Structure formats: C-alpha cells, structure tokens
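One letter stands for each residue in the lines below.
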Amino acid sequence: MNLLEVDNLVVETKTTTIINNVCLEVFENEIVALVGESGSGKSMIARSIMGLLPSEQLCISSGSIEFQENELLTLPEQSMRKIRGRSIAYIPQSPLNALNPMMSIERQLIESFDPQFHEISPKERALFLLKRVGFLDPERIMKSMPYQLSGGMRQRVLIAISLMNAPKLLIADEPTTALDVTLQAEILDLLQDLKQEYGLGILFITHDLGLVARYAERGYILFSGKIVEEGPINDLFYDPKETYTKLLLSSLIHHPTMTGSIL
Amino acid sequence: MTDSPLFELDRVSVDFKTSKTTVHAVHQVCLKGYKGKTLGVVGESGSGKSTLAKALLQLERISSGEIFFQNSSISSANKQSIRKLRRHMQLIFQDPDSTLNPRQTAGWHLNEVFSVHFPKLSKKERQETTESILETVHLDPTLLNRYHFELSGGQKQRLIIARALILSPSLMVLDEPLSSLDATLRKSILLLLKELQIKTQMGYLFITHDLSTLGAIADTVAVMYRGSVLECAPTNELYSSPTHPYTQSLLSCIPVADPHLEKKRKPLFLPATRPPLPTGTGCLFAHRCPLAKGLCYTQEPTFSGTTHTVACHYAQEAAALTGGCRGCNT
C-alpha cells in the first residue's frame, strides 16, 4: 500500500527555491533511498514531511504530502503532533547530540510513549525494544545516562525510541554517518530486519551509494533540490540515464578486488 | 623495496596518564614508510590513528620506542632540530575549515609560509613559486583574493595542499583528507594526491577509516585496533586475503556500490562477548574474536610473516574464517 506520497513539493525562502517540484512515494515494507550530495535538500524533504521546517525562513509554497491518504500540509499542529513520533518516526543524523544529556535513557524512551496504542506498560515496551535493537542487558542501559554509552549504542537507543509507538513510516536521515563501518553494517542490518518484521516503510537518506546498493529497493537521486532520476536500484546502478547519476557512479572509489570483476 | 625507509616507527607507544588510569593510545607499533609510496593506516575512531601521526611528527611525546626519519632517530631530538625537520614533513587535516584563518584571504595563507621559511625570497620569486604551485594543484590564481567562506570545499582542500607543497616536503601526513568532501569531489582530490606523489616522490602516511579510499591510493595498509597494529600487508594482498578476524570483518562490512554483488555478500559481525582485556595482558581483539582460546587471554601475539604481518596466535585458522573471500559467502 502507498504509505507516503509527496507530490510536486516546492519549498522556498524569500529569495531562492530550495526544493523544486519533488515527487516521491514510499510503500509499506520497503526501503527507499534518497541520495544526494550535501546541500542538495535531502534533510529539507525529511523535515517537510515531519512538519518541522522553521516557518520563519522557509515556506512550502505548493505541493502536497499525503500520509496514508491524509494530507499533512493542511493539518493543524495539534493533529500533526499525533502523527509525528507515532505513525511517522524519525532517526536523526548524529547520535552524539540527539539525546538529552541530562536525562536517563529510560526517561527518554518513555517520554515519547503513547499508552493508548499498547496493552503493555511503557517500561515493558522500552525493555522489549532495547533487547530488540541488540542490547544484552537492557536493564542497565535503561539506567544509563547518554554519556555512558558509545556512539553505536546511542544510535541503537535512538532507533528504539523511534519504534516506541510502532510507527508505519521511518525516516532515517543519514543514520550511520557518524559511525564506523562495522557498526554501520550492524545498525542497517537491524533496520532491514525491523522492516521485514513490522512491514515498515523506510525513507533512507544517505550519500553513500554502497549502502544504497546493499539495502535499498528503490532510489531517488536528488541534485540541487530536484529529483533528477528515480527507479529500482538495479536500473539506477546498471543503466543510469542522467548525467548526474553517471557522475556519481563514476566518482566511486574502489579497490579492484572489491568490485565484481574479481569475484 | 631495497632502499632504506623514509620513516620508521620502532615499537612506539604513546600513553596518556589521567588521574586514575593510563590510556594506552598507541601500543608497540612498528611501521615503515618509503619514498614515493603510501602507507595507509585504517582503524575505527579512537583506535589511535591520529595519535600515531602526531607522534611521527613529534607533536606528541612518545612513551617508549624510537622514531627514525631519513635514517636518523628523531624521537630524542631537541626542539630546534625538530623545527628544522618539520620543513620536510607536512600535515593535512580532515577539516579544511578549521585549518584556514577565516579573517585572511587564500593568498595570505601561502604568503605566511614564505615569511616563516623563506623570508629572503623577493616578491617576484614568491609570486612565481605561488603560481607554479597553484598550477600543480589545479587552482585558479584569481581565487587568491578570496576569503575561505568564498571557496568551495574542494578549493579549500586544494589550497591547503598547495600550502603544504611550498616547502617541497619529503613526507606528507594526511589525516582523513577526504572525509569532509562530497563523493563527487573525493575522487578528484585523490587523483591530485596521486599525481603529486608521482611528480615529487613524496612519501605519504594516509590515515582514514575508509578502506575503499585506502585501496585506491595505498601501497601498504596497516589495520589498527585499540592502539595496536593487528595486520599490515601490501594493499592487494590485504584486500584479497585478509587474515586477522578484525580485518575480515572490516572488509566484509564495507558496502560495494553494486546491487548484484551486494546480494551475495554478507557482513561478518564480531560483537564483543566479554569485557576487553587491558592493554599488555593478551590479544587486544580477544573479546570479539570467534577463535579466541587460552593463549589469546594470557599472551600478547607477536607479529608473524615478512611482508604480510599478522598479530594473531592462530593466523592460519583465522585465514579460513571466511575463506579469505572478503566475507562473501558464495
């Protein structure tokens, strides 16, 4: 089912257009990659969907964002708050400063919990999710403060927080850029498992084409606020149509033994 | 490689003492780098890569071991002779923004080097040298009047490389020089670095956490973990037959931008199963190693092998872990 549909989205400041006629869709049980270099507008799209654009400087001048066939752009803030963090969850880019340094992990997990969706207590739900994201001793983690956890552990806590209310759509904005390769693979494998388990739709924002090849099913290539190419992953990688996509692919740095020719 | 090494680290350790404990940032590292060659150092954050680079440049005091540069020991040299040596070794940092003065123009940064190291050069000579260096790094001379916020990321990194080149160093230490750049720019800077190396025969110490970049530029790769070098081998050999379990895990976790290939690969995860051993009591990787047994917990592994060295008690068994096939379980 079509979970999210962004149609002809235009985001402008007083002088410039930042997002230009962007259309994208996310289905259930699917990882969709949004690829682009820094400054291309990836995070702006994510924040538009979440309704978190700073309204003083930026405005959405036209277009629509539909989530489960409900228009989000015209929704009053009160109803938007019911969707944000519940049906649509967000994993921010840097785990190192996304957690409140003065609050225990337990409080941060439980803070976002909405009891009307669940039969179990917030604490049970938190322990369950901490276990699910790979912690062997969830009780200890619950009592910890953010500074006592490593970057990878904090990112896993953030994923657990985002899953507290069993969302339908997960927006992961470069969830692993701050992490090392081994951790990166661990976290993204976890997201992939969760996708299958809960039928999540994941909008995966990244600039790493390797990760796109490994995890995504479809992709959108964004360049200076415009989607220049979209399609199934295999088409994007093996039969790119646009110059910018070709440029991206040709600028990959590889060691010969890591590419297909040797294997 | 019959020539003598450009630089050599011999059992170098760097310890930091805090009020409670001693942190072993670099532990018993032996490495050699040659003229016109690139030695790559890879490791996760906190593995001691940057401390190692600083130790080599004498910016960090070493606790034990010895460092040789152009065949003479520099770890016990006095301040004055170190200053003279610095001319031959240049350092390029990760973040171009923080190494440029925001209140000065691009040209000022180059001029500063002339005033410190070649104060006798005439204005005309300075200009000529500047122009030829800008040409080698493919930077437009009209940019010299701009401030750093008026330059793009790639232009800034080229300016910093130009600044380092004025002294025609014989050793260039590159600490994550590409991390802050966009994917499309990385390759062009990498090609520039390669081109410069061929032209000037500089030796590079290239530090990064990105194994795919390293594969494209390094001649030899050393893998660091918790301050120690676990494996060191010529690049081709390391990538085609990684031996240490940690190296195998690292290589298997790097995604390759090829969807068909990715379907066949499976990352090899080695999570910690017990608390890590303190430095000096056993193998530093034992708490994550699937093969760890008795000896690993009681004795530090020594390096075995000549060109492809591995710090592992059970190197042969380890090599069979993924069949030396970079984690592809086909």
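Conventions used here
- Residues numbered from 1 in each chain as written.
- Chains lettered and ligands numbered in written order.
- Predicted model: local features only at pLDDT ≥ 70, side-chain atom pairs only at ≥ 80, totals over all residues.
- Helix = DSSP H or I, 4+ residues; strand = E, 2+ residues; numbered from the N terminus.
- Rg over C-alpha atoms; globule rule 2.2 N^0.38 Å.
- Buried ≥ 20, exposed ≤ 12 C-beta atoms within 10 Å, placed from the backbone.
- Contact = placed C-beta atoms within 7 Å.
- Axes fitted to C-alpha atoms, helices over the stretch in contact; angles between N-to-C directions.
- Parallel < 35°, antiparallel > 145°, perpendicular 65-115°, else oblique.
- Left-handed = near helix turned anticlockwise from the far one by under 90°.
- Nonpolar A, V, L, I, M, F, W, Y, C, P; charged D, E, K, R; others polar.
- Pairing = 2+ DSSP bridges.
- Core = buried A, V, L, I, M, F, W, Y, C linked by C-beta atoms within 7 Å.
- Expected span 1.5 Å × (residues − 1).
- pLDDT = per-residue confidence, 0-100.

Enquirer: What's the story with the overall build of chain A in this structure? I'm lost.
Expert: Along chain A, the regular secondary structure elements total 11 helices and 10 strands. A compact globule built from 263 residues would reach a C-alpha radius of gyration of about 18 Å, and chain A, at 19 Å, matches this within 12%. The C-alpha extent of chain A, read off along each of the three principal axes, is 50 × 50 × 35 Å. Going through the 263 residues of chain A one by one, you find that 41% of them count as buried. In chain A, 65% of the contacts between residues at least 6 apart in sequence involve partners at least 24 apart.

Enquirer: What am I meant to see in the overall build of chain B here?
Expert: Counting its regular elements, chain B contains 12 helices and 12 strands. For chain B, the C-alpha radius of gyration of 21 Å lies close to 20 Å, the compact-globule estimate for 330 residues. Judged by the C-alpha coordinates and their principal axes, chain B covers about 70 × 50 × 45 Å. Counting over 330 residues, chain B shows a buried share of 44%.

Enquirer: Hey, could you run me through the packing of helix 7 (residues 151–163) of chain A against helix 8 (residues 181–198) of chain A in this one?
Expert: Helix-helix packing is described using two parameters, namely the angle between the two axes and the distance between the axes. All names here are of chain A. The geometry of helix 7 relative to helix 8 is characterised by a closest axis approach of 11 Å and an angle of 15° between their N-to-C directions. With respect to helix 8, the axis of helix 7 lies roughly parallel. In terms of crossing hand, the pair formed by helix 7 and helix 8 is right-handed. Only L183, I187 and L190 of helix 8 make contact with helix 7, whose side of the interface consists of G152, Q155, R156 and I159. For the contact of helix 7 with helix 8, the class distribution of residues is 4 nonpolar, 2 polar and 1 charged.

Enquirer: Explain the sheet that holds strand 1 (residues 7–17) of chain B here, please?
Expert: All names here are of chain B. Across the sheet, 4 strands lie side by side as 2-1-4-5; this open sheet has antiparallel pairing. The sheet terminates laterally at strand 2 (22–33) and strand 5 (72–73), the two strands that pair on one side only. Relative to strand 4 (residues 64–69), strand 1 is paired through 5 bridges, and the arrangement is antiparallel. Considered in strand 4, the bridge of E8 is made with F68.

Enquirer: I'm lost on the pairing of strand 10 (residues 226–232) of chain A in this one. Help?
Expert: Both faces of the sheet carry side chains from a regular strand, because those side chains alternate between them. In this structure, strand 9 (residues 218–223) of chain A lies alongside strand 10 of chain A, joined through 6 bridges in antiparallel fashion. Paired with A:F223 across the two strands is A:K226, which belongs to strand 10 of chain A.

Enquirer: Hey, could you run me through the sheet that holds strand 2 (residues 17–27) of chain A in this one?
Expert: The strands making up a sheet associate through hydrogen bonds between their backbones, and the pairing can be parallel or antiparallel. Residue and element names in this part refer to chain A. Spatial ordering of the open sheet is given by 2-1-4-5, a layout of 4 strands whose pairing is antiparallel. Edge positions in the sheet fall to strand 2 and strand 5 (70–71), since each has one partner strand and no second. Running at roughly 115° to strand 1 (residues 2–12), helix 1 (residues 42–50) makes contact with strand 1, strand 2 and strand 4 (59–67) of the sheet.

Enquirer: Explain the interface of chain A and chain B to me, please; I cannot follow it from the model alone.
Expert: Often the size quoted for an interface is simply the accessible area lost on bringing the parts together. Taken together, the 31 residues of chain A in the interface contact 31 residues of chain B. Secondary structure elements with two or more residues in the side of chain A that touches chain B: helix 8, helix 9 (209–215), helix 10 (233–238) and helix 11 (243–250) of chain A. The dominant element in the side of chain A that touches chain B, judged by the number of residues it contributes, is helix 8 of chain A, at 6 residues. Of the residues contributing to the side of chain A that touches chain B, the split by class is 13 nonpolar, 12 polar and 6 charged.

Enquirer: Please clarify how the environment of A:Q68 should be interpreted in this entry.
Expert: For A:Q68, the position within the fold is in the loop between strand 4 and strand 5. Separated by 41 residues in sequence, A:Q68 and A:F27 have C-alpha atoms that sit 9.9 Å apart.

Enquirer: Can you walk me through the nonpolar core in this structure?
Expert: Generally speaking, soluble globular proteins have nonpolar side chains that are buried together. Formed by 155 residues in total, the largest nonpolar core has its most connected members in A:F204, B:L56, B:V173, B:L205 and B:V223. For B:L56, the contacting residues outside a window of four places in its chain are B:F7, B:L9, B:I67, B:V173 and B:L205.

Enquirer: Help me understand helix 5 (residues 153–165) of chain B in this model?
Expert: Because each turn of an α-helix spans 3.6 residues, side chains separated by three or four positions end up pointing in the same direction. Residue and element names in this part refer to chain B. Compared with an ideal rise of 1.5 Å per residue, which puts 13 residues at 18 Å, helix 5 spans 19 Å between its outermost C-alpha atoms and is within 8% of the ideal. The buried fraction of helix 5 is high, at 11 of 13 residues. Along helix 5, the positions that sit buried rather than exposed are Q155, K156, Q157, R158, L159, I160, I161, A162, R163, A164 and L165. Taken together, the buried residues of helix 5 touch strand 6 (89–92), helix 3 (106–117), helix 4 (123–136), strand 7 (171–175) and helix 6 (183–200).

Enquirer: Explain the confidence of the model for chain B to me, please; I cannot follow it from the model alone.
Expert: All names here are of chain B. With 97% of its residues at a pLDDT of 70 or more, chain B has an overall mean of 88. For residues 324–330, every residue scores under 50 in pLDDT, and the model assigns this stretch 19 contacts once sequence neighbours within four places are set aside. The ipTM for the predicted assembly is 0.75, set against a pTM of 0.82.

Enquirer: Can you walk me through the pairing of strand 2 of chain B in this structure?
Expert: Residue and element names in this part refer to chain B. As paired elements, strand 1 and strand 2 share 8 bridges and run antiparallel to each other. For V14, the partnering residue across the bridge sits in strand 2 and is V26. Between strand 1 and strand 2, which pair antiparallel in sequence order, lie 4 residues.

Enquirer: I'm lost on unusual backbone geometry in this one. Help?
Expert: Trans peptide bonds make up the majority, and among non-glycine residues the majority have a negative phi. All names here are of chain B. Positive phi is not limited to glycine here, since S168 has a value of about 35°. Counting through the fold element by element, S168 comes out in the loop between helix 5 and strand 7. At R226, a residue that is not glycine, the phi angle is positive and equals roughly 45°. Along the chain, R226 falls in the loop between strand 9 (220–225) and strand 10 (228–234).

Enquirer: Would you explain the environment of B:G65 in this entry?
Expert: Residue and element names in this part refer to chain B. When you line up the elements, G65 lands in strand 4. For G65, a count of 18 C-beta atoms within 10 Å corresponds to the partly exposed category. Residues G65 and D10, spaced 55 residues apart in sequence, show a C-alpha to C-alpha distance of 5.6 Å. Ignoring sequence-local partners within four residues, the contact set of G65 consists of L9, D10, R11, V12 and S13.

Enquirer: Even after reading the chapter, I still don't get the packing of helix 3 of chain B against helix 5 of chain B, so can you show me in this structure?
Expert: Residues and elements named next belong to chain B. Contact geometry of helix 3 with helix 5 gives a least axis separation of 9 Å together with a crossing angle of 15°. With respect to their mutual orientation, helix 3 and helix 5 come out roughly parallel. Between helix 3 and helix 5 lies a crossing of right-handed hand. Counted together, A106, H109, L110 and V113 of helix 3 and L159, A162 and R163 of helix 5 form the full contact between these two elements. Looking at side-chain class alone, the contact of helix 3 with helix 5 contains 5 nonpolar, 1 polar and 1 charged residues.

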